[in-house]
Amino acid sequence: MRRLRATDGTPAHLRAAQYHLAMCQDGPPTMATLAAEMSPLLSALITKSRAVQDAELAAVSTQAAVAKAEGHVENTIRDLDAAAASMDRADPTLNMQRTLFPHGFGAEIDPDGDAQLEALIPLKVRLEPYKNHAQIASLHARLDTEALVLKNALMADAAQEALIDTLFAEEQGARAAIREQIESAYGRLRTHFKTRPALAERYFYNEGSGKKTLKKDTPLGGGGEK
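What you see is a predicted model; the values in this text were computed from it and never measured.

Caption draft 1: Structural view of the overall build of the chain. Regarding its fold elements, the chain presents seven helices and zero strands. Its helices and strands in sequence order give the chain the pattern α-α-α-α-α-α-α, from N to C terminus. Classification of the 226 residues of the chain by burial places 38% in the buried group. Taking the intrachain contacts of the chain between residues at least 6 apart in sequence as the baseline, contacts between residues at least 24 apart amount to 69%. A total of about 12,400 Å² of accessible surface is found on the chain, and carbon and sulfur atoms cover 56% of it. Across the chain, the mean location of the 27 positive side-chain charges is 14 Å away from that of the 30 negative side-chain charges.

Caption draft 2: Local environment of the packing of helix α1 (residues 10-24) against helix α2 (residues 29-90). Between α1 and α2, whose axes approach to 9 Å, the crossing angle comes to 150 degrees. Considering their axes alone, α1 and α2 lie roughly antiparallel with respect to each other. In this structure, the crossing between α1 and α2 has a hand that is left-handed. Between α1 and α2, the contacting residues are T10, H13, L14, A17, Q18, H20, L21 and C24 on the first element and M31, A32, L34, A35, M38, S39, L42, L45, I46 and S49 on the second. Taken together, the residues that form the contact of α1 with α2 break down as 12 nonpolar, six polar and no charged.

Caption draft 3: Spatial organisation of the nonpolar core. In this structure, I178, I182, L189, F193, Y203 and F204 are the most contacted members of the largest nonpolar core, which totals 26 residues. Going through the elements one at a time, α1, α2 and α6 (134-192) are the ones with two or more residues in this core. The next biggest cluster of nonpolar side chains, apart from the first, holds 24 residues, and it includes L80, L127, I136 and L143.

Caption draft 4: Molecular detail of the packing of aromatic side chains. For the structure on display, the rule yields four aromatic pairs. With centroids separated by 6.4 Å and ring planes inclined at 85 degrees, the aromatic side chains of F101 and F105 adopt a geometry described as edge-to-face. With relative accessibility at 5%, the residue F101 sits in the buried group.

Conventions adopted
- Residues numbered from 1 in each chain as written.
- Predicted model: local features only at pLDDT ≥ 70, side-chain atom pairs only at ≥ 80, totals over all residues.
- Heavy atoms only, no water.
- Helix = DSSP H or I, 4+ residues; strand = E, 2+ residues; numbered from the N terminus.
- Buried < 20%, exposed > 50% of the residue type's maximum accessible area, 1.4 Å probe, protein only.
- Contact = heavy atoms within 4.5 Å.
- Areas by Shrake-Rupley, 256 points an atom, 1.4 Å probe, with all protein chains shown as cover.
- Lys, Arg positive; Asp, Glu negative; His and termini not counted.
- Charge placed at Lys NZ, Arg CZ, Asp CG, Glu CD.
- Axes fitted to C-alpha atoms, helices over the stretch in contact; angles between N-to-C directions.
- Parallel < 35°, antiparallel > 145°, perpendicular 65-115°, else oblique.
- Left-handed = near helix turned anticlockwise from the far one by under 90°.
- Nonpolar A, V, L, I, M, F, W, Y, C, P; charged D, E, K, R; others polar.
- Core = buried A, V, L, I, M, F, W, Y, C linked by side-chain atoms within 4.5 Å.
- Phe/Tyr/Trp six-rings, centres within 6.5 Å; stacked < 30°, edge-to-face > 60°.

Take a look at the structure:
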């Protein structure tokens, strides 16, 4: 029997569990007991695995929401830079663009995630003296709204990642339960086939398990109930 390892993925565990279950079903009492024990463990792993897949797919949406929110914040920063440049052309004494973006607006739009929000804090301070200009006040308000949307999107994305971690831990637990059941079943079947313990091997999945291998085996349940 090829023993499952903790490093084997869920597909390997599913194949091993399904094969063992199918081999033991409709057999004598020992096999029927093993089938009854494996069935809920297989179902649990399928459920846990699908939950992880669903959560990972949902995470794509939360990541997209973050990217979209970041894009809106960055566009508003660009609009602020453009508005400041326009006002400086109308009134050079304002020196607005250089005051708002002393190193260019890249310092505010280059960061990602939480760092993007942190970069907005000093920018909002520099915006305060110019809020008496209607266009700047409007853009400032828009930036506040979009920053809040970004903050909420980042929180939702972090929560989704935490959920994935939790669900994956549960999936790993379901894998471990299958490994333990297979090990237990292997020992019990070797005891069952005590005069020919090698017969236990055919109840467990190995690469290449299939018709050709099964044709060489004795009939299912061979050896009789001991």
